[in-house]
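Single-letter residue listing:
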Amino acid sequence: MRLVLHYLILLGSSCVISTYGPQQRAQKTGDILLGGLFPMHFGVTSKDQDLAARPQSIQCVRYNFRGFRWLQAMIFAIDEINNSSSLLPNITLGYRIFDTCNTVSKALEATLSFVAQNKIDSLNLDEFCNCTAHIPSTIAVVGASGSAVSTAVANLLGLFYIPQISYASSSRLLSNKNQYKSFMRTIPTDEHQATAMADVIEYFQWNWVIAVASDDEYGRPGIEKFEKEMEERDICIHLNELISQYYEDHEIQGLADRIENSTAKVIVVFASGPDVEPLIIEMVRRNITDRIWLASEAWASSSLIAKPEYLDVMAGTIGFTLRAGHIPGFKQFLQQVHPKKYSQNEFVKEFWEETFNCYLEDSLRLQESENGSTSSRPLCTGEEDITSVETPYLDYTHLRISYNVYVAVYSIAQALQDILTCKPGYGLFSNKSCADLKKVEAWQVLKQLRHVNYTNSMGEKVRFGENADLVGNYIIVNWHRSAEDASVVLEEVGYYNIHAKKGAKLFIDKTKVLWNGYSSEVPFSNCSEDCDPGTRKGIIDSMPTCCFECTECSDGEYSNHKDASVCTKCPNNSWSNENHTFCFLKEIEFLSWTEPFGIALAIFAVLGVILTTFVMGVFVRFRNTPIVKATNRELSYLLLFSLVCCFSSSLIFIGEPQDWTCRLRQPAFGISFVLCISCILVKTNRVLLVFEAKIPTSLHRKWWGLNLQFLLVFLCTFVQVMICVVWLYNAPPASYRNHDIDEIIFITCNEGSVMALGFLIGYTCLLAAICFFFAFKSRKLPENFTEAKFITFSMLIFFIVWISFIPAYFSTYGKFVSAVEVIAILASSFGLLACIFFNKVYIILFKPSRNTTEEVRCSTAAHAFKVAAKANLKHNTVSRKRSISSGGSSASTPSSSISLKTNGNDCDPTSGKQRIHKPRVSFGSGTVTLSLSFEESRRNSVMS
């Protein structure tokens, strides 16, 4: 307790609270106090503290003119608000502004003054001390600039819920409200900036880049997000380096060596101006001019880098900047700055000295110069004209950060205005109460800021989002060299709209972009040369995916643009050209009516139909002649009709296959051939039974009548019809486009079931085999009836054709499958027609003498004689064997005589001239009656 009291008395005894914190400051008293943190210097001197003596405050170096302009924007905004009659009337805003020197330690030193002041006010020291110069608590802080500095400040201010509004800290880590409770900002988070950078690289089709980031809370998270975006786009980062303004010279030189030796030409830098400056200086010293720089918003418009002496290296830089704003009257305010007018702003003195390179009379630097620690400068007269010099301070054409400061101050003022105008029952605090503006605390202002929503004087909506970030877009600039004074000109070449749809966020006008300051051709920054159309990227072992070799697309694949990752497969109806750059429609092939092969097959089929029709005409014309009668003319007519069907069925195989033709052609072919073979089978079997019968009976005449013959033909054909019906029901054939062959689409018939086709052809061959058997047995019938010999030959042709068809059918493809079957149909049909009918047509037309009843009877008698002689010889042989087996006694042999009774003259059945008396044979109507008599003659001796 005594320690606490001692602490309070100590604080009370030092009533000049305003002296707490850094000595250099800008301050103004008021009813409500705002804090400010601005980088008036780019850094501090790097000294090793060996602790041999008392540590001294680190000295700030390298004056920042733009930082002073940002500070002036805050003062200008506060003066405007104080002079406003509508915003915070009768309330005066004050400020305390410190220099962070772009360093965490200096920023924390200043922040402690804000925190200590608030803590003292919470202790209510008025009972112990009458402090006339008492300064009110700081209810909000504007700043800081760098993300690393803001992170440290936010951790401290968050402990006391003092709202902090940054104007330039874009690190995405600061969006974490659980960790940074009181942090807010008027600049977009670099979460979108990393995506925008990746989109730019993808837009210019680069895939091989160098990434450099500052070694702090701004660079590391930013480049981490950038790496993820690059991975999603399959873009490779060759080098990934960290940098800081406090790196040693050898570290900077090593980084420059790696960049110089890299084949990547694009350098993405996620850093602030002071951090990247040492690397730029080294690159300028080495005169490395063949690189393209991609700048984050932290240095895209930095006065440290955008210098004429750096343009040989930095010209053509693509940078992201914030949208510029307009502050009415700010230009005149900047020009009115003078040390005598702003006695409360100690930063004005240093600004004046740095601008005119002189010392003011009461300057601390003048005392240091007299001690010899610095170079001497002349004294300032105080009459210098600020408008006569060029300085980044007066660059008010593109107010970006300054405008963010302006918006931040007005946002705090609007929150205070909302507290001032709050009505009880509509407030944001417990029981919907309102805060008292005269006794307002920092946490109350923070609560109100989270709900601020207003339209500023420029007509823009100001509202902090879920993460307390103002939503904004990026302007894309290109560094040009001014034709007038060779200075850096930030030319707007595009924009990045965060809220647009994917694919429409980025816009770049390529015609405005100048690469390296003069060229309009986009630089090449890829690990490998682009692959031409018709090729694809092939992986190289142990190399990143961005490094590849160009591999030609396979047949049937194509690529129609450069640097294709994969080749696209052509559609089924297309094929790739020779260069694999596009696909052309495949040629459609089938057994066409117009091609020579199809025409030839059609001609042969039509010829077969004509010849068959001609034969049928001859048979009809000479239907009453013996040869036509002997061949069973009714079955011959049916056989000829079936042959016409066979020839006609081959025509269905020609032309583009349709579903109906595919279903029709095989059944038509199968049924036609079975009908044909059935007719031949019945004819052959009937003649064989008649002539081989020893005693023709009425049973033969009954069963082999014409009706039964047709019934057998019908039954044989009906089996084939049922096979076709089952086939069409279960697995009907259909047209099919075969894409397996390169460059050609064969339109064929998918038979549906190969087994069914096998049954169809197998059954036909079975009937042909039976027919062949009967024809072979009847090969020795009378000459006029010996069509069985020709049938035997025709069946041999049939078997040869269809046995050859099977391997040919399964070894061919496309239209040749149909052609093979057509050839088989035509060959077997012509074989049947020629072998069975051409001989008869020849006799009918050219040998009419052989087409007579006498000739037929004579031929029949000769056949009967041969049969009787054979029977007699067989009988004698059997008798002789019996005689020998009975003891050698003489046996009598029958003496046979054969008489042939005809309606006319006798004929000679032998080839000799001697006529013999022959048996008589009488022919009835439709039957043959043979009368044979035998006389036995004895022989005294046995033939040896």
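Only a predicted model underlies this, so the values are computations on that prediction, with no experimental measurement involved. (Residues numbered from 1 in each chain as written. Predicted model: local features only at pLDDT ≥ 70, side-chain atom pairs only at ≥ 80, totals over all residues. Heavy atoms only, no water.)

Quick look at the overall build of the chain now. Check the secondary structure of the chain and you find 24 helices and 31 strands. Surface accessibility of the chain: about 46,900 Å² in total, with carbon and sulfur atoms responsible for 55%. (Helix = DSSP H or I, 4+ residues; strand = E, 2+ residues; numbered from the N terminus. Areas by Shrake-Rupley, 256 points an atom, 1.4 Å probe, with all protein chains shown as cover.)

This paragraph deals with the sheet that holds strand β11 (residues 266-270). Read across the open sheet, the eight strands follow the order β10-β9-β11-β12-β13-β16-β17-β18; overall the sheet is mixed. Bordering the open sheet on either side are β10 (236-243) and β18 (506-508), each of which pairs with just one other strand. Here the strands of the sheet are splayed against their neighbours by 30 degrees on average, with no regard to which way each runs. For strand β16 (residues 474-481) and strand β17 (residues 488-496), the ladder comprises eight bridges, and the chain directions are antiparallel. Each bridged residue has a counterpart across the sheet, and for Ile476 the counterpart in β17 is Gly494. The sheet contacts of helix α5 (residues 190-203) involve β9 (208-214), β11, β12 (292-295), β13 (318-322), β16, β17 and β18, and relative to β11 the element is tilted by about 175 degrees. Strands in contact with helix α7 (residues 249-261) are β9, β10 and β11; relative to β10, the strand with the most contacts, it is inclined by about 170 degrees. (Pairing = 2+ DSSP bridges. Axes fitted to C-alpha atoms, helices over the stretch in contact; angles between N-to-C directions. Contact = heavy atoms within 4.5 Å.)

Our next topic: the state of the cysteines. Scanning the model with the defined rule gives nine disulfides in all. Here Cys531 engages in a disulfide with Cys550; their sulfurs sit 2.1 Å apart. Handedness of the Cys531-Cys550 disulfide follows from its S-S torsion of about -95 degrees: it is left-handed. Of the two residues, Cys531 sits in the loop between β18 and β19 (535-539) while Cys550 sits in strand β20 (residues 548-552), which places them 19 residues apart along the sequence. In this model Cys570 forms its disulfide with Cys583; the gap between the sulfur atoms is 1.8 Å. (Disulfide = S-S within 2.5 Å.)

Now for the packing of helix α17 (residues 633-651) against helix α23 (residues 815-846). Two packed helices can be described by the angle between their axes and the distance between those axes. It is at 9 Å that the axes of α17 and α23 come closest, and there the two elements cross at 155 degrees. Comparing their axes, α23 and α17 come out roughly antiparallel. Both α17 and α23 take part in a crossing whose hand is left-handed. Across the interface between the two elements, Ser636, Leu639, Leu640, Leu643, Cys646, Phe647, Ser649 and Ser650 from α17 touch Val822, Ile825, Leu826, Ser829, Phe830, Leu832, Leu833, Ile836 and Phe837 from α23. Considering only residue class, the contact of α17 with α23 consists of 13 nonpolar, four polar and no charged. (Parallel < 35°, antiparallel > 145°, perpendicular 65-115°, else oblique. Left-handed = near helix turned anticlockwise from the far one by under 90°. Nonpolar A, V, L, I, M, F, W, Y, C, P; charged D, E, K, R; others polar.)

A separate point is the pairing of β13. Taking burial as the measure, the five residues of β13 include five buried ones, the bulk of the element. The side-chain alternation of β13 yields two buried faces, one formed by Ile318, Phe320 and Leu322 and the other by Gly319 and Thr321. Sheet topology places β12 next to β13; two bridges connect them, and they run parallel. Bridge pairing links Leu294 to Ile318 in β13. With five bridges connecting them, β13 and β16 associate as antiparallel partners. (Buried < 20%, exposed > 50% of the residue type's maximum accessible area, 1.4 Å probe, protein only.)

Take Asp216: it is sitting in the loop between β9 and α6 (219-232). The buried charged residue Asp216 lacks any salt bridge, with Arg220 as its nearest oppositely charged partner at 6.0 Å. Within the structure, Asp216 has its side chain in polar contact with the backbone nitrogen of Gly219 (distance 2.9 Å). When sequence neighbours within four positions are dropped, the list of residues in contact with Asp216 reads Ala148, Pro221 and Asp275. (Lys, Arg positive; Asp, Glu negative; His and termini not counted. Salt bridge = Lys/Arg side-chain N within 4 Å of Asp/Glu carboxyl O. Polar contact = N/O pair within 3.5 Å; in protein donor to acceptor, adjacent residues only side chain to side chain.)

For the structure shown, the criterion picks out 16 salt bridges. With a shortest N-O distance of 3.1 Å, Asp290 and Lys265 are connected by a salt bridge. Of this pair, Asp290 sits in the loop between α8 (273-286) and β12 while Lys265 sits in the loop between α7 and β11, placing them 25 residues apart in sequence. Exposure remark for Asp290: the relative accessible area of 39% places this residue in the partly exposed category. Sharing partners across several salt bridges, the network here consists of Asp199, Glu202, Lys225, Glu229 and Arg233.

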